[in-house]
Every structure is written in C-alpha cells, then in structure tokens.
2 protein chains.
Amino acid sequence: MSRYWSRVVQGLKPYVPGEQPKLPDLVKLNTNENPYGPSPLAIHALRGEIGDALRLYPDPNADRLKQAIAASFGAQCIAPRQVFVGNGSDEVLAHVFLALLKHERPVLFPDITYSFYPVYCGLYGIDYTAVPLNEKFEIRTDDYLVRNGGIIFPNPNAPTGCFLPLSEVERLLAGNADSVVVIDEAYVDFGGESAIAFVARYPNLLIVRTLSKSHSLAGLRVGFAIGQADLIEALERVKNSFNSYPLGRLAIAGAAAAIEDQAHFERTRRAVIASREALVRDLAALGFEVLPSTANFVFARHPDRDGGELAAALRQRGIIVRHFQQARIKQFLRISVGNDAQCRALVGALREILR
Amino acid sequence: MSRYWSRVVQGLKPYVPGEQPKLPDLVKLNTNENPYGPSPLAIHALRGEIGDALRLYPDPNADRLKQAIAASFGAQCIAPRQVFVGNGSDEVLAHVFLALLKHERPVLFPDITYSFYPVYCGLYGIDYTAVPLNEKFEIRTDDYLVRNGGIIFPNPNAPTGCFLPLSEVERLLAGNADSVVVIDEAYVDFGGESAIAFVARYPNLLIVRTLSKSHSLAGLRVGFAIGQADLIEALERVKNSFNSYPLGRLAIAGAAAAIEDQAHFERTRRAVIASREALVRDLAALGFEVLPSTANFVFARHPDRDGGELAAALRQRGIIVRHFQQARIKQFLRISVGNDAQCRALVGALREILR
C-alpha cells in the first residue's frame, strides 16, 4: 500500500493466472494451451512480417484481421464492422465490462466460472451477482431471467467444460432484450456449438473468442468479439480511449493467416477432441468422476482422494494441472488435454498415485 | 449511441491517432516513426521465437524483458521490480492514470501536449486542469507548484519538441512530494536528458518510455515505466486486473534484444539527430519559425502561410505531416524527422509550395 495509490488500486484483488513455469520437461496441463503448434501458414506469415517495416505503427483498425475473421464465418454473413479485435480475449473482455456491462443493476455470471470476471468488476466498480450452478454444475437458464445489468458466461463453461445447449442460450437472449448477453466462446471449437447464428437476430448478443486455444496462438495474444455494429462501436470507443494500437504488425499478420488455415484448425481440433475422449475413458477407469466436457480440458474429481493432494502428487512427478481453492470445486482437478504422450504420462502418474 | 452502452462509453471522446495510410510510396512524416529499421539483433531474436512455442502463453511477468531494461540503465542501479512493461506506452499510460493519477484533486498537464492525456481522464472519470504553456511554448514550473492529484507531461514535450531542463524537473519533483509526477520520455533519446537519476531520490517520480521511437519498433507495441517499487506494484495490480499477458512471446524477445543492442540504438539516434539539425536549418532558410526540438520531430510554422493549407499542399505531393486543429497551434506543422531522402523530398516540396 502506498499513499500514491488511487482508491481503485487499493481495493483490487488481481487475477492469478495459471503458472507459467520456466522449467523445461514439465508436462504442462494447467493453462489449456493446445498441444499442437500453430498453423504453418501463420508461421510463414509471421516470418514474412519480420523486417524493417516493424519501425512503422500497425494499422490501428487491424482491417486485414477483421476481414479474415468476418470471412471465416462464411454463411453467417458477418461484416468486418461487426468484429472487434484485441490483445487476447482478456483485453477484449476488460473492454466489454467497461463498455457494455457497467450499468445500475448487477451483472450476472455463474458462481463457478472464469475467475477473471469478478476481477474486472472490481477494476471498474461494477456490481455483480454470482449465480450458483446447479448440483450437476450446469447453468439454469431461469436464474438469469431476472432484471440485470448484463450477463456473461463461457460456453462451454470454464473450469467445468459443461455446455449450455443453444436452445437454452436462445431462451436467455430472448428473455434479456434490455441487457447485453456476452458468450465467451473461448473453448467452443472443441465440441460445443457457436451462438454465432443468433448475432443477426439478437442485438443484445456479443460473442467473445480467442486464438489462444483452438488456434494454438496463446503466445501471440489475439482475441476478438462479434456482435451487431453498435455493440462493436462501444468497444472501439473504449479501445480508442485506451490504446490506439493494441495489436502489433506480427499479431495482425499471424492471426489472420491462422484464421484462414481452416485445414490445420480442423485437423488439430479433431485431434484434441479424440484425445479428450480417450482421457475421459482413462480417468473414469481410474475411478474419477469427470464432468461432461466439450472443451480442451476436463474437470474431474476422485471420490477417495483430495484434489489438492492429487495436484501436489502430480507436480512431484513433473506434471502440472490446475487446482482451485474455491469451496465447491476444491476436490476437482482441471486437466488440459495434452498430446498422446502427455495424456499417457498423466494417466500413468495418476495410476501410480492411486495405487 | 445505443441503450446497451454504459454511461462511460456515452461520454467518451476517443483519441484520434495519426493516419496510417495503406498507400505505398508516401513520404510518411506524420507519426514520429524512426526512419531506420529496428536492431538486427531484435530481428534475429524475433525469428528465433517463431515456432511451435507460440502455442504456449508468454511469461506473464515478462522477466526477461524487465531484466534487459533494468540492465540497460547500468550505473543507475534500476532493479527489475522497478520496471513495469506494457503493450506500448499508451497501455502503460492508461494504467498509470487509473493506478496513480485518479485522486480527489485534478491532474495537471500542459494545454499543448500529448492529446491522449485528456482522453484517459475521460475514460476513468479523472478531473484535470490543462495548464497553459508560456508564449514560447515552454512549461513554467511554478504553475505546477500547487496542490494537485498528479502531474504528467512528456519531456521533451509533444508536439512542440521543447525540453524542460532537469533542474526544473527536480524543482517540480521536490515541490510535489504528495503526488505522483509522471515524465513521459517517449522522445528523450533524441537529445534530451533523462530524469532516471532522480528515481532513487524521489518516490513520487514515474518515468514512461516506449520502444516505438528510438528503438524503431512501433509495429511491435512495447512500452515501459520506471519508478520505485510501490509505484510499479500499483501498475502491476491494475495490469493483473486487466490482462495477465499484455506482451506476447515475440514482443518480449524482440524488445529485450533491441534494448540490448546499444550500438544500433546509438547509431540510429545519432543519425536522426543529425538529420533533424539539417532539417531545422533548411526550414529556417525557407522562412519557418521552428521551435527548439530535442525530439525526432520538429514543430514549425510559416509567418505567411496557413498550417492547414501547407499540410494539404504537402499531401497533394505525397508527403504527410501532422496538423492539429487546436487553437494555439493551428498554424504549426509537426514534421517527423525522416531519412535524408525523405527530408529532401519534404524541403523540396515546401520550396515549391512557398514559391
């Protein structure tokens, strides 16, 4: 604490990201990175962008990237002006909270969800209500059909991996015409179904995406949002009051090429889905209860063993997974889906620990 | 305007950055980019970073870069925990306003200065007072020796290029023990003198820097701040409540290598200074009044010709410079120092226009 700090800073409870250890040779299954590398076309585009032109500012509007994103939705007819881009979906979400979720009434989100949401509320002085998931860790749509200042949740949810069917999403959109409903689709490409088709019909829908998961570019920092143009304009206004150039030349070029490489995207997401299904079977065989996941991670607990102890025992064996201290989920491990060798190492270590 | 916008968004007046035209072959002297490319060591480091590891998140603390920055100040003994890094100095400044300049009393900055400052105040609901520069466009220290919520100015100032001597900076620091004094040293490497030596003595000093100008990396988006550890901690708290990973893997690696390449830095900044001196002489010979500049741009007006008309006439000849509509400086052009060919093209075009 310091007398120079603003009152805002004094009250902050910052987000704690999953560890990024500097040790090599760890089996790193704690931050939901993709086990496969990024698109070769993205790599090629990045190489082509490195040179003297880095002395110049990037396009502040990142038009090249917005066009690539809009085009990738094909038949959904998304226009570039319905696309907002930012420095990772965390930055996009930060702007969303300030631009579209800061109202008189509290924002609603699940009690078990991305733990950055309450942090954004703290940063911007936004009231919120954490709405309990049901006993199966599912969102109950009816709980969100009350007056509110906005709604946000990941679909599939994190860290549970559970997916809210689109019929329920639509009920939620239709029942909240006066507030913005933000669907954080960070993990949707691993088996969920996007709400993108609702953008044309629901002016209150904003979809947020990241290239950190299904596009294997966590190290590049690119996220985006899709919605009707007036929602996007609100985000642009905040962005242009914060940082004119959130995406550098490399981020714009690499992200656009990655989005355009549909073949690599399909191949790697299918591989991750297949590995997840195998992992779920293996964990079940070891006695774990695994929540139904449509993400690139699974959320699992063992009836006889403490979650924290299991995480510590895995760590001793060079495997890191994510464990949350939060009351309802203390017994769970969130395990990112690795490649086959990583999954084998995990299952082997768990077998040993449980013996 | 939309019913979904927060009150904050409704009141925003976003910053308007200098144009980033997509036409090639323009002589682009409007956004103070460096005419020389970035360090070859930075290019090499960027190439080395492109690969499968981009699937992984970067180090959220960017320790490698903080260490390089701290080491670059050599005898000043700056520790890595006295360094904050961000996605361009614009992001760093945004966090500075929220973390250290949002208090009961108004922030003070010059009436003619970086026009993003009042925009940040609008974003975060911060009161400010724009303090008039004197008739020679200089900061009068005495004007800042009043109770305030913080002080910020670029040194050298932008868009004037004028430098406030360090003796005056120290008087300002000593006279404002209760508030944070932010010195935005974006342009200091082109002939000014850094206030870095004051960091050890003045707990209220924060220095902000960018790699966009003297390190030729505007396209990469990296800026930083230096100050005593409690000021840096305030910035880290805001950063960790906004975006855990503001710098990607490429930004961290490229910026660290650029900072370490002192030889390239010295060579290019000296070349820019030499070109500026020649440009100042040439403009004076054409009848321009040129403010004394220690930046990589000059601020000049012609006694007989309107600033806006001159900018338009230059543009017709494929040369873009920056012209501001603000009352006191409407007759001025802000001209970035280009390479020799660009400076010749500019002077030749002006000679023709003034004929």
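For clarity, every value in this text was computed on a predicted model and none was experimentally measured. (Residues numbered from 1 in each chain as written. Chains lettered and ligands numbered in written order. Predicted model: local features only at pLDDT ≥ 70, side-chain atom pairs only at ≥ 80, totals over all residues. Heavy atoms only, no water.)

### Considerations on the domain arrangement of chain A
Residues and elements named next belong to chain A.
Step number 1: What the domain assignment reports for chain A is domain 1 (7-37 + 263-354) and domain 2 (40-261).
Step number 2: Facing 34 residues of domain 1, the contacting portion of domain 2 comprises 33 residues.
Step number 3: Summed over both partners, the interface of domain 1 with domain 2 comes to about 2700 Å²; 60% of that surface belongs to carbon and sulfur atoms.
Step number 4: Looking at the side of domain 1 facing domain 2, the largest losses of area belong to Y15, T294 and R328, adding up to 27% of the total buried there.
Step number 5: For the pair domain 1 and domain 2, the interface holds one salt bridge.
Step number 6: A salt bridge links R328 to D111, with the shortest nitrogen-to-oxygen separation between them at 2.8 Å. (Domains from an automatic or database assignment. Contact = heavy atoms within 4.5 Å. Buried area = accessible area lost by both parts, 1.4 Å probe. Salt bridge = Lys/Arg side-chain N within 4 Å of Asp/Glu carboxyl O.)

### Focus on the environment of P203 of chain B
Step number 1: Along the polypeptide, P203 of chain B turns up in the loop between β6 (181-184) and β7 (205-210).
Step number 2: The partly exposed category is assigned to P203 of chain B, whose relative accessible area is 31%.
Step number 3: Aside from chain neighbours lying at most four places away, what touches P203 of chain B is Y4 of chain A together with Q228 and L231 of chain B. (Helix = DSSP H or I, 4+ residues; strand = E, 2+ residues; numbered from the N terminus. Buried < 20%, exposed > 50% of the residue type's maximum accessible area, 1.4 Å probe, protein only.)

### A look at helix α6 (residues 166-174) of chain A
Residues and elements named next belong to chain A.
Step number 1: Within α6, burial applies to L166, V169, L172 and L173. Looking down the long axis of α6, one finds its buried residues gathered within 115 degrees of arc, a one-sided arrangement.
Step number 2: Contacts from the buried residues of α6 go to β5 (151-154), β6 (181-184) and β7 (205-210). (Arc of directions from axis to C-beta.)

### A look at the side chain of S179 of chain A
Step number 1: Mapped onto the elements, S179 of chain A comes out in the loop between α6 and β6.
Step number 2: When its relative accessible area of 7% is taken as the criterion, S179 of chain A is described as buried.
Step number 3: A polar contact is formed between the side chain of S179 of chain A and the side chain of N148 of chain A, at a distance of 2.7 Å.
Step number 4: If sequence neighbours within four positions are ignored, S179 of chain A has contacts with N148, G149, G150 and N204 of chain A together with Y4 of chain B. (Polar contact = N/O pair within 3.5 Å; in protein donor to acceptor, adjacent residues only side chain to side chain.)

### Side note on the environment of L283 of chain B
All names here are of chain B.
Step number 1: Residue placement: L283 occurs in helix α9 (residues 262-285).
Step number 2: Relative accessible area serves as the criterion here: at 0%, L283 is assigned to the buried category.
Step number 3: A C-alpha to C-alpha distance of 48 Å links L283 and L54, two positions 229 residues apart in sequence.
Step number 4: If sequence neighbours within four positions are ignored, L283 has contacts with F288, V290, V298, A300, I335 and L350.

### Looking at the packing of helix α2 (residues 40-49) of chain B against helix α8 (residues 249-260) of chain B
Residue and element names in this part refer to chain B.
Step number 1: Following both chains from N to C, one finds α2 and α8 inclined at 155 degrees, their axes separated by 8 Å at the closest point. In this view, α2 runs roughly antiparallel relative to α8, as classed from their interaxial angle. α8 is crossed by α2, and the crossing has right-handed handedness. Residue-level contacts link L41, A42, A45, L46 and E49 of α2 to R249, L250, A253, G254, A257 and A258 of α8.
Step number 2: Broken down by class, the residue content of the contact of α2 with α8 amounts to eight nonpolar, one polar and two charged. (Axes fitted to C-alpha atoms, helices over the stretch in contact; angles between N-to-C directions. Parallel < 35°, antiparallel > 145°, perpendicular 65-115°, else oblique. Left-handed = near helix turned anticlockwise from the far one by under 90°. Nonpolar A, V, L, I, M, F, W, Y, C, P; charged D, E, K, R; others polar.)

### Quick look at the sheet that holds strand β12 (residues 332-336) of chain A
Residues and elements named next belong to chain A.
Step number 1: One open sheet holds the three strands; their spatial order is β9-β10-β12, and the pairing between them is antiparallel. Bordering the open sheet on either side are β9 (289-290) and β12, each of which pairs with just one other strand.
Step number 2: Looking at chain direction, β9 and strand β10 (residues 297-301) are connected through two bridges and run antiparallel. Looking across to β10, one finds that V290 is bridged to A300.
Step number 3: The sheet strands contacting helix α9 (residues 262-285) are β9, β10 and β12, and the helix crosses β10 at an angle near 10 degrees. (Pairing = 2+ DSSP bridges.)

### Some remarks on the sheet that holds strand β10 (residues 297-301) of chain B
Residue and element names in this part refer to chain B.
Step number 1: If you trace the three strands from one edge of the open sheet to the other, you get β9-β10-β12, paired in antiparallel fashion. A strand with exactly one partner marks an edge of an open sheet, and here the two such strands are β9 (289-290) and β12 (332-336).
Step number 2: Sheet strands touched by α9: β9, β10 and β12. Its angle to β10, the strand with the most contacts, is close to 10 degrees.

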